[in-house]
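Observations on the model geometry
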Amino acid sequence: MAARSRQSCSSSLAWAGWQVRVPEHWRPLRIEGAWEKGSIILGDEGQAIMQVKWWRHENESFDGARWTRRRLKKAGAKAAADGKPAPPGFENAAWVPGRGPAQAAVWYGCAPAGRLVMEVVVSGEMSKKDQRTATSRALPTLKVSAHDAPTRWAIYGASFESPAGFVLCDRRLKLGDIALRLSSKRRERLVLRQVYPSALALARRELAKWLEFPVFREHRKYRPANPPQKWSVESFGRQLDGIRRAGRKRFPFPLGVLAPRYSAAAVVHDEQLGRLLVAEYDSRGAPDDATLADALASMNWAQLESGGEA
Amino acid sequence: MSPRRKLDRDTVLSGRPEQAPAVRREERPNGGVKVTFRRVRRRWLGWWGGESEVERSFGLDVLGREVYESCNGKSDVKAIVRKFAQKHRVSRAEAELAVTTFLKTMMTKGLIVMAIDKDRVQRKRN
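Everything numeric here is computed off the predicted structure, so don't read it as measured data.

1. Describing the interface of chain B and chain A
- Taken together, the 16 residues of chain B in the interface contact 17 residues of chain A.
- Put simply, the parts of the chain that give the side of chain B that touches chain A at least two residues each are α1 (9–13), α3 (62–70) and α5 (92–109) of chain B.
- Of the residues forming the side of chain B that touches chain A, the biggest block, seven residues, is contributed by α5(B).
- Tallied by class, residues from the side of chain B that touches chain A come to six nonpolar, three polar and seven charged.

Written out as structure tokens, the structure reads:
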């Protein structure tokens, strides 16, 4: 256990506009909420170690200092003057160390760039070394993406990047099959998915078939405009080959004429990482291949960028 | 009788799983394996005239077979997880969750048994 506590924070966890570096053996134990607010409990196989809560505000005149004061008042706690973790990009941060041996320590902070306010609770029931890892190594790496910048996602072993303006609507997190559904205010939808190990996935179903079965339930049915075509995308200096299809999605008869959507989807095989990368973009206007290509090209940034840094 | 206590993560990861003796093994076309072994029936079923032991078969796919075959009584769970993560290029946390859940299922079905260091458990409890 001691050796593990000294481990560096080598793995990225990114969700809903924030990201943190954690030890490799930590994983999300519970994910609640969605884009606007939610929480993630992080821990290892045996115990919960840290809880990250977030709230998003759209108000530009949001008073972070007042929010922090009110959180402290609600908790009936006094912020410590020194020794507080200081992640960059946060203002009005407050640190409440655990008062007793089993008392949780809490950190509050506001990130104006991402329009996020965050609360991080570090469990007091674990060993001192694990507490130190959480407060001195993981918490200072916390950062947020600007609200008008692309959002990064990294969960378990899969990482994605969604274009600015897209928010999380739905998710399916199964080991070996991780999918996110995002939507924008312009009624665009984007599904990002990774299936792995690819050898097993391709033994079960050929590459083109991975586009035929939607991960999330939809009322509209896909009608192809052309047969699927070979396609490739440039990702971190590598060329990934796959298949692209385009068509329309319509409601079943007799509602087919109502609000049809254009859809473009592609699946590529990343042989280096042994993964199938799938993206589907649909909108009311013509399909946008650039969004699709960007979504696929930026997948697995956590593994492929140097050290996984954003 | 002492109450059942949950083992901590380190103790579980140091456990050495071993295959239960199988009656037969059949190769499957998808690269998996079908393992058949004898299992003691619940006593109340015997009252109805059933046999005391029955044969049970379990089909394992390629990944399941790989983990099952790693259960040789020498490698500990930690080593199996590390090997699985390296081979399939998945994160260690993900491999740990997948492998430990699968080992738990195999233990419930009686396909494997887990050897845990008794002294280690005692030390942890003290």
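2. Thoughts on helix α5 (residues 289–297) of chain A
All names here are of chain A.
- If you check which residues of α5 are buried, you get Leu292, Ala293, Ala295 and Leu296. Buried residues of α5 fall within an arc of 160 degrees about the axis and therefore sit on the same side.
- Taken together, the buried residues of α5 touch β14 (189–195), β16 (229–235), β18 (261–270) and β19 (275–283).

3. What to know about the packing of helix α4 (residues 77–88) of chain B against α5(B)
Residues and elements named next belong to chain B.
- Between α4 and α5, the shortest axis-to-axis distance is 9 Å and the interhelical angle comes to 125 degrees. Put simply, α4 runs oblique to α5. The handedness of the crossing between α4 and α5 comes out as right-handed. Only Arg92, Ala95, Glu96, Val99, Thr100 and Leu103 of α5 make contact with α4, whose side of the interface consists of Val77, Ile80, Val81, Phe84 and Ala85.

4. Regarding the sheet that holds strand β3 (residues 33–40) of chain B
All names here are of chain B.
- Reading across from one edge, β2-β3-β4 is the order of the three strands in this open sheet, with antiparallel pairing throughout. Of all the strands in the sheet, just β2 (24–27) and β4 (53–60) have a single pairing partner and so form its edges. The mean inter-strand angle of the sheet, taken between neighbouring strand axes irrespective of direction, is 25 degrees.
- Of the pairings in the sheet, the one linking β2 to β3 comprises four bridges and is antiparallel in character. Looking at the pairing, Glu26 lines up with Lys34 of β3.

5. Focus on the confidence of the model for chain B
- Put simply, chain B has an average pLDDT of 85, and 94% of its residues get 70 or more.
- Across chain B, the element-wise mean pLDDT spans from 72 in helix α2 (residues 43–46) of chain B up to 94 in strand β1 (residues 16–19) of chain B.

6. Structural notes on the domain arrangement of chain A
Residue and element names in this part refer to chain A.
- Looking at chain A, the domain boundaries give domain 1 (2–144) and domain 2 (151–308).
- Here the C-alpha centroids of domain 1 and domain 2 sit 31 Å apart.
- If you look at the interface, domain 1 gives eleven residues, while domain 2 gives eleven residues.
- Listed by contribution, the elements that provide at least two residues to the side of domain 1 that touches domain 2 are β1 (11–15) and β3 (27–33).
- Here the element with the most residues in the side of domain 1 that touches domain 2 is β1; it accounts for four residues.
- Split by residue class, the side of domain 1 that touches domain 2 holds seven nonpolar, three polar and one charged.

7. Here's the deal with the confidence of the model for chain A
Residues and elements named next belong to chain A.
- Considering every residue of chain A, the mean pLDDT works out to 88; 95% of them sit at 70 or more.
- β14 holds the highest mean pLDDT among the elements of chain A, 96, whereas helix α1 (residues 2–5) holds the lowest, 42.
- Ignoring residues within four places in sequence, the model shows residues 1–5, a span with pLDDT below 50, making eight contacts including any to other chains.

Cut-offs applied
Residues numbered from 1 in each chain as written. Chains lettered and ligands numbered in written order. Predicted model: local features only at pLDDT ≥ 70, side-chain atom pairs only at ≥ 80, totals over all residues. Contact = placed C-beta atoms within 7 Å. Helix = DSSP H or I, 4+ residues; strand = E, 2+ residues; numbered from the N terminus. Nonpolar A, V, L, I, M, F, W, Y, C, P; charged D, E, K, R; others polar. Buried ≥ 20, exposed ≤ 12 C-beta atoms within 10 Å, placed from the backbone. Arc of directions from axis to C-beta. Axes fitted to C-alpha atoms, helices over the stretch in contact; angles between N-to-C directions. Parallel < 35°, antiparallel > 145°, perpendicular 65-115°, else oblique. Left-handed = near helix turned anticlockwise from the far one by under 90°. Pairing = 2+ DSSP bridges. pLDDT = per-residue confidence, 0-100. Domains from an automatic or database assignment.

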